[in-house]
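# Descriptive structure summary
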Amino acid sequence: QVQLVESGGGLVQPGGSLRLSCAASGSMLSIVTMGWYRRAPGKQRELVGVINSGGTTTYADSVKGRFTVSRDSAKNMVYLQMNSLKPEDTAVYYCNAASLRAGEAYFYWGQGTQVTVSS
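Residues numbered from 1 in each chain as written. Predicted model: local features only at pLDDT ≥ 70, side-chain atom pairs only at ≥ 80, totals over all residues. Heavy atoms only, no water.

As a further point, take the nonpolar core. Counting residues in hydrophobic clusters, the biggest one holds 30 residues, and the most contacted among them are Leu-4, Trp-36, Leu-80, Met-82 and Tyr-93. Elements with a contribution of two residues or more to this core: strand E1 (2-7), strand E3 (18-26), strand E4 (31-39), strand E5 (46-52), strand E7 (67-72), strand E8 (77-82), strand E9 (91-101) and strand E11 (113-117). When sequence neighbours within four positions are dropped, the list of residues in contact with Leu-80 reads Leu-18, Arg-19, Leu-20, Trp-36, Val-48, Phe-67, Thr-68, Val-69 and Tyr-93. (Core = buried A, V, L, I, M, F, W, Y, C linked by side-chain atoms within 4.5 Å. Buried < 20%, exposed > 50% of the residue type's maximum accessible area, 1.4 Å probe, protein only. Helix = DSSP H or I, 4+ residues; strand = E, 2+ residues; numbered from the N terminus. Contact = heavy atoms within 4.5 Å.)

In a disulfide, the sulfur atoms of two cysteines are covalently bonded to one another. Per the counting criterion, the structure on display carries one disulfide. Cys-22 shares a disulfide with Cys-95; S-S distance 2.1 Å. Between Cys-22 and Cys-95 the sulfur-sulfur dihedral comes to about -85°; the bridge is accordingly left-handed. Separated by 73 residues along the polypeptide, Cys-22 in strand E3 and Cys-95 in strand E9 bring together distant segments of the chain. For Cys-22, a relative accessible area of 0% puts it in the buried group. Cys-95 gets classed as buried once you look at its relative accessible area, which sits at 0%. (Disulfide = S-S within 2.5 Å.)

The next point concerns the side chain of Thr-113. For Thr-113, the position within the fold is in strand E11. When its relative accessible area of 11% is taken as the criterion, Thr-113 is described as buried. Apart from the residues within four sequence positions on either side, Thr-113 is in contact with Glu-6, Gly-9, Leu-20, Ala-91, Val-92 and Tyr-93.

If you want it as structure tokens, here you go:
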């Protein structure tokens, strides 16, 4: 099992920045990717950005060039640096970890943290 706890959400003006943090604990050896998803009001949860154990990142087109996912494996932390925020970035942001054990994939989620971009 893996436990994920997010922090760092809040209210920010358009054009501003926020940094989300996610603390992971539990069975970390089988984790292959960690990252962030979000769910905006009335929409389905969508990928924001993920990073694999080799440091390769993948981003949604809507956040490329503005958001950066990073990982500190020694501290079991993953971060989402969000710059040039737009009102359409308003959503609940969820930390995610994916593990692979005996050929089976498992997905873990944090409780979510609200990000609101508004003037």
